[in-house]
Amino acid sequence: MIAALAMLAAVSLTPIVACTGLPSHDAPPDLRTLFERGRTYAEFRDAATRRTRAWREHYADAVVADTVLHRLAAVPGRWMLLVVAEDWCGDSANTIPYLARLVDQAPNLDMRIVDSDAGREVMETHRTPDGRAATPTIVLLDEAFAHAGCWVERPSALQEWFLDSEGDLEEDELYRQKYDWYADDAGASTVREIVGMIEVAAAGQPGCRD
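What counts as what
- Residues numbered from 1 in each chain as written.
- Predicted model: local features only at pLDDT ≥ 70, side-chain atom pairs only at ≥ 80, totals over all residues.
- Heavy atoms only, no water.
- Helix = DSSP H or I, 4+ residues; strand = E, 2+ residues; numbered from the N terminus.
- Salt bridge = Lys/Arg side-chain N within 4 Å of Asp/Glu carboxyl O.
- Buried < 20%, exposed > 50% of the residue type's maximum accessible area, 1.4 Å probe, protein only.
- Axes fitted to C-alpha atoms, helices over the stretch in contact; angles between N-to-C directions.
- Parallel < 35°, antiparallel > 145°, perpendicular 65-115°, else oblique.
- Contact = heavy atoms within 4.5 Å.
- Nonpolar A, V, L, I, M, F, W, Y, C, P; charged D, E, K, R; others polar.

**A few points about unusual backbone geometry**
Okay, step 1: The omega torsion of the bond from Thr135 to Pro136 falls at -5°, within 30 degrees of zero and hence cis.
Okay, step 2: In this fold, Pro136 is placed in the loop between α8 (120-125) and β3 (137-141).
Okay, step 3: For Arg51, which is not a glycine, the phi torsion comes out positive at approximately 50°.
Okay, step 4: Structurally, Arg51 is set in the loop between α3 (41-47) and α4 (52-61).

This is the structure in structure tokens:
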């Protein structure tokens, strides 16, 4: 509970907004080019001007379970996560730092981050269950930079609860409970779901979470 209250104090400095992307009229590059243009987590974190405490502390505090690391180590091939994120987005700040810690401990996984302007087409192609283009949007790429899966916005349990609760709770309470959930989960669900997506892709069944 203390951790959750600390998180709420940190996010209260940032207005509550949906993590939707920004419009752009530029033609999108291919996935390999987009990945190669992206920033490492350290570069993205150091350039952040919003939610800076969350970006730093979530990475510093992240712990990836040994069982998850062993599962990923058993997956053949090399994999890449192309992430569309914004530093002001609460869902991004509560998921991507934990994935960065996973990447740092997994020799067969890499990650690059682009903003929602550069990644607009990726976001629009991979929408939330209620039809929004949102950050974070994560595309899994294989060794040939081919699309092998995607993950959008929030862990599945939180996403289901959030969308079901939007009409029932006041906005402040909805977001308070969302950030409580993130604080209690500490990235574990995000990391498990991403590793599961990689395992499925490696087994020859690439796809996106509904």
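**What about the pattern of salt bridges?**
Okay, step 1: Inspection of every chain in the model, using the stated rule, returns 15 salt bridges.
Okay, step 2: A salt bridge links Asp46 to Arg45; the shortest N-O distance between them is 3.1 Å.
Okay, step 3: What makes Asp46 partly exposed here is its relative accessible area of 47%.
Okay, step 4: Arg71 is paired through a salt bridge with Glu199; the nearest N and O atoms lie 2.7 Å apart. Separated by 128 residues along the polypeptide, Arg71 in helix α5 (residues 66-73) and Glu199 in helix α11 (residues 188-202) bring together distant segments of the chain.
Okay, step 5: In this structure Arg71 comes out as partly exposed when scored by relative accessible area, which is 31%.
Okay, step 6: Taken together, the shared-partner salt bridges in this structure form one network comprising Asp91, Asp130, Arg132, Glu153, Arg154 and Lys178.

**Let's talk about the packing of helix α9 (residues 156-165) against helix α10 (residues 171-185)**
Okay, step 1: In contact at an axis separation of 11 Å, α9 and α10 are set at 170° when each is read in the N-to-C sense. Here α10 runs roughly antiparallel to α9, going by the angle between their axes. Along the contact surface, α9 presents Ala157, Leu158, Trp161, Phe162 and Ser165, while α10 presents Leu174, Tyr175, Gln177, Lys178, Trp181 and Tyr182.
Okay, step 2: Broken down by class, the residue content of the contact of α9 with α10 amounts to eight nonpolar, two polar and one charged.

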